[in-house]
Amino acid sequence: MSSDLFIELRNVSFAYGERPVLKNINLRIPRGRLVAIMGGSGSGKTTLLRLISGQYRPQHGEVIVDGKNVATMNSNQLFQHRRRMGMLFQFGALFTDLTVFDNVAFPIREHTRLTENMIRDLVVMKLNAVGLRGTQDLMPAELSGGMARRVALARAIALDPALMLYDEPFTGLDPISLGVIALLIKKLNDALGTTAVMVTHDVHKSLDIVDHVYFVSNGEIIAEGTPDEVRASTSPWVRQFVYGEADGPVHYAYPVNTTLDHDLGLQQGGEHA
Amino acid sequence: MLELFAAPVRKLGHLTINAIWRLGFVSRFLIAILMESGQSFMRFSLVIREVYFAGVLSLIIIIVSGLFVGMVLGLQGYNTLARFGSSDALGALVALSLLRELGPVLAALLFASRSGSAMTAEIGLMKATEQLDAMNIMAVSPIARVVAPRFWAGVISMPILAALFNVMGIFGGYLVGVVMIGLDSGTYWSQMNNSVDLHYDVVNGLIKSLVFGIAVTLIAVFEGYDATPTAAGVSSATTRTVVTSALVILALDFILTAFMF
């Protein structure tokens, strides 16, 4: 593997029980790049993220992160892997019984032996980076959705991770908060030189900030490219997704084997005919 | 005809296999808690915090319930003993009933309803809101950080709460027997003093409450950790905690009583 590559998925397949979710995925993410994985709900993109974080193990294939196969790591190796990783969850996943300060300080206290004074300085710096200095004493319940997401971002970058994972970071945010989060993701990624993977279906905001996009559908990567290539793509699937068309390769109607007349009992010989 | 009998037998078999599977999961979960408890003891403040939530905040319900149970025991005990001219033995009856049976059992049932259900709901909601996942991603074990401190807090709190329940119950019996009915105070206490054996009655009662504490807290943390991460899932896990705890407490009480007394 080239040393320039930070994440590489080779022939990865994953299934929940009998139901296949990812089929023979191959994906390469260079070091320091911000990459988006897009696709409809249930397409398998969050599963991809969980494979990279080591929460799931693939039934087949290799998940290589920084030269190490996550799929074969034991629990100690996984914990070492995760110490170099930050993740922003869909709704922040802040610890509701801790203050903003303690939430951001949590990974620092767990993994370092820094003094409380140094921890305080670090937390203030991280909160300042997301524009929330002064909120240290608030509880998560006192924050708006956008603020909670920013605190979660501050917590995720508390230990300056080499890899950042974003799970639907824009879900449920108003346009202003959404713009703020997108800007922060881009700025922090540039400043920290982190490799980042973002799972999202917010096309337009994501295309403004990412370096590369993978499209996932039915557990397979069906298209990829830079934001400009995506915008210019002639692929019917990509066009349907990017422009939000109701019908196309992804059908509007749920696939059924019967006709509406049949289901309503209007066919010849039906009960109501 | 055969199918008529086969269906319930199949269902019974399915339920039995499920119960055995679940028992296996609980046992493995307990082993995981014990293996990861080192951190809880090294950072004992985490356990102390949970003792406050599980134990200290249960004091009101334990104290008030203990008092009323003792008062009822005093009334009923006096009425029955008086028929046989043995009302002097009221102190012994109240103390032995509480120390051997009612104290540990009722305190454990109250603890399961108040603190056990709260533990299940809290851990279940942490799971539903991805807080446990977030900990895992931060390379922090949720079992070490969330489950083990609560488990040990329950194990520590339960015997103390049961002892307080007993004290309040004995005081309740005193209020009814001595203050309300007018029995001799010295007789009440001396009868109790003569009948109660420290090891046989008091220590065995505390051992019972320790066993109940382990069982109830294990059920509570397991149900929370195993809850389906939805509103309905957390709700049914909380219900399961209270129902399972009650049944396990009563079953264990029978077994322990058979061995101890």
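Throughout, a residue's number is its position along its own chain's written sequence, starting from 1. Ligands are numbered from 1 and chains lettered from A, in the order in which they are written. Local features in this predicted model are restricted to residues whose pLDDT is 70 or higher, and side-chain atom pairs enter the listing and the counts only when it is 80 or higher, whereas totals over whole chains, interfaces and linings include all residues.

Participant: Break down helix α4 (residues 59-83) of chain B for me, with residues and values.
Facilitator: Residues and elements named next belong to chain B. Secondary structure elements follow DSSP: runs of H or I no shorter than four residues count as helices, runs of E no shorter than two count as strands, and numbering proceeds from the N terminus. Take the number of residues in a helix, subtract one, and multiply by 1.5 Å to get its expected span. Counted at 1.5 Å a residue, the expected span for α4 with its 25 residues is 36 Å, and the 36 Å between its end C-alpha atoms agrees. The exposure label follows from counting other C-beta atoms within 10 Å of a residue's C-beta, where the C-beta atoms are placed from the backbone and the thresholds are 20 or more for buried and 12 or fewer for exposed, leaving partly exposed in between. Here α4 has its buried residues at Ile62, Gly66, Val69, Gly70, Met71, Leu73, Gly74, Gly77 and Tyr78. C-beta atoms are placed from the backbone for every residue, and two residues are taken to be in contact when these atoms lie within 7 Å. Against α5 (90-128) and α7 (142-180) lie the buried residues of α4. Once α4 ends, the next one or two residues include Gly85, with phi positive near 65 degrees.

Participant: Tell me about the pairing of strand β6 (residues 85-88) of chain A, and name the residues and values.
Facilitator: On a regular strand, one side chain projects to one face of the sheet and the next to the other, so that they alternate. All names here are of chain A. Burial along β6 is two-sided: the residues Met85 and Met87 and Gly86 and Leu88 are all buried. Pairing of β6 with strand β7 (residues 163-167) involves 4 bridges; the strand directions are parallel. Within the sheet, the bridge partner assigned to Gly86 lies in β7 and is Met164. By the convention used here, strands pair only if DSSP detects at least 2 bridges between them.

Participant: For the nonpolar core, give the residues involved together with the corresponding values.
Facilitator: Membership of the largest hydrophobic core comes to 137 residues, with the highest contact counts inside it found for Ile52 and Val197 of chain A. Top element by residues in this core is α5 of chain B. It accounts for 18 residues. When sequence neighbours within four positions are dropped, the list of residues in contact with Val197 of chain A reads Ile7, Ile29, Val35, Ile37, Leu49, Ile52 and Leu165 of chain A. A set of buried Ala, Val, Leu, Ile, Met, Phe, Trp, Tyr and Cys residues, joined to one another through C-beta atoms within 7 Å, is what we call a nonpolar core.

Participant: Go over the environment of Val238 of chain A with me, naming the residues and quoting the values.
Facilitator: Residues and elements named next belong to chain A. By secondary structure assignment, the location of Val238 is in helix α9 (residues 236-243). Using a count of 24 C-beta atoms within 10 Å as the deciding quantity, one classes Val238 as buried. It is 24 Å that separates the C-alpha atoms of Val238 and Pro175, two residues lying 63 residues apart in sequence.

Participant: For the sheet that holds β7 of chain A, give the residues involved together with the corresponding values.
Facilitator: Whenever strands of a sheet pair, they do so through backbone hydrogen bonds, lying parallel or antiparallel. Residues and elements named next belong to chain A. On the basis of which strands lie adjacent, the open sheet formed by 6 strands has the order β6-β7-β8-β3-β9-β10 and mixed pairing. Every interior strand has two partners, whereas the edge strands, β6 and β10 (220-225), have only one. Pairwise comparison of adjacent strand axes, ignoring direction, gives a mean angle of 20 degrees for this sheet. Pairing of strand β9 (residues 212-217) with β10, which is carried by 5 bridges, proceeds in the antiparallel orientation. What sits directly across from Phe215, in β10, is Ala223. What counts as an axis is a line fitted to C-alpha atoms, over the stretch in contact for a helix, and the angles between N-to-C directions run from 0 to 180 degrees.

Participant: An account of the sheet that holds strand β2 (residues 19-30) of chain A is requested, with residue identities and associated values reported.
Facilitator: Residues and elements named next belong to chain A. An order of β2-β1-β4-β5 is seen for the 4 strands of this open sheet, with the pairing classed as antiparallel. One side of each edge strand has no neighbouring strand; the edge strands of this open sheet are β2 and β5 (68-69). In this sheet, β2 lies alongside strand β1 (residues 5-16) in antiparallel orientation, the contact comprising 8 bridges. Opposite Ala15, over in β2, you have Pro20 as the bridge partner.

Participant: So what's going on with helix α3 (residues 44-54) of chain B? Residues and values would help.
Facilitator: Residue and element names in this part refer to chain B. Along α3, the positions that sit buried rather than exposed are Leu46, Val47, Glu50, Val51 and Ala54. Along the axis of α3, the buried positions cluster into a sector of 140 degrees, meaning they face one direction only. Exposed positions of α3 whose direction lies more than 90 degrees from the buried face are Ser45 and Tyr52. Tucked inside the fold, the buried residues of α3 contact α2 (38-42), α5 and α7. An arc is given here, and it is the one of the directions from the helix axis to the C-beta atoms.

Participant: Could you give an account of the packing of helix α5 (residues 145-156) of chain A against helix α6 (residues 175-192) of chain A, naming the residues involved and the relevant values?
Facilitator: Residue and element names in this part refer to chain A. At a closest axis distance of 9 Å, the pairing of α5 and α6 adopts a crossing angle of 15 degrees. Of the possible angle classes, the one that applies to α5 and α6 is roughly parallel. Between α5 and α6 lies a crossing whose hand is right-handed. Between α5 and α6, the contacting residues are Gly145, Gly146, Arg149, Arg150 and Leu153 on the first element and Ser177, Val180, Ile181 and Leu184 on the second. By residue class, the composition of the contact of α5 with α6 is 4 nonpolar, 3 polar and 2 charged. Geometric relationships in this document are graded by angle, where less than 35 degrees denotes roughly parallel, more than 145 denotes roughly antiparallel, 65 to 115 denotes roughly perpendicular, and other angles denote oblique. Two helices that cross are described as forming a left-handed crossing if the nearer one is turned anticlockwise from the farther one by less than a right angle, and a right-handed crossing if clockwise. Here the nonpolar group is Ala, Val, Leu, Ile, Met, Phe, Trp, Tyr, Cys and Pro; Asp, Glu, Lys and Arg are the charged ones; every other residue, Gly included, is treated as polar.

Participant: Before we move on, could you go through the packing of helix α3 (residues 100-111) of chain A against α5 of chain A and cite the residues and values that matter?
Facilitator: Residues and elements named next belong to chain A. The geometry of α3 relative to α5 is characterised by a closest axis approach of 8 Å and an angle of 30 degrees between their N-to-C directions. Judged by the inter-axis angle, α3 sits roughly parallel to α5. Crossing hand, α3 versus α5: right-handed. Judged by residue contacts, Val100, Asn103, Val104, Phe106 and Pro107 of α3 engage Val151, Ala154 and Arg155 from α5. Its residues assigned to classes, the contact of α3 with α5 comprises 6 nonpolar, 1 polar and 1 charged.

Participant: For unusual backbone geometry, give the residues involved together with the corresponding values.
Facilitator: Phi at Asn24 of chain A takes a positive value of approximately 50 degrees, unusual for a residue other than glycine. With respect to the secondary-structure elements, Asn24 of chain A resides in strand β2. The phi torsion at Ala139 of chain B lies on the positive side, around 60 degrees, for a residue other than glycine. On the secondary structure map, Ala139 of chain B appears in the loop between α6 (131-137) and α7.

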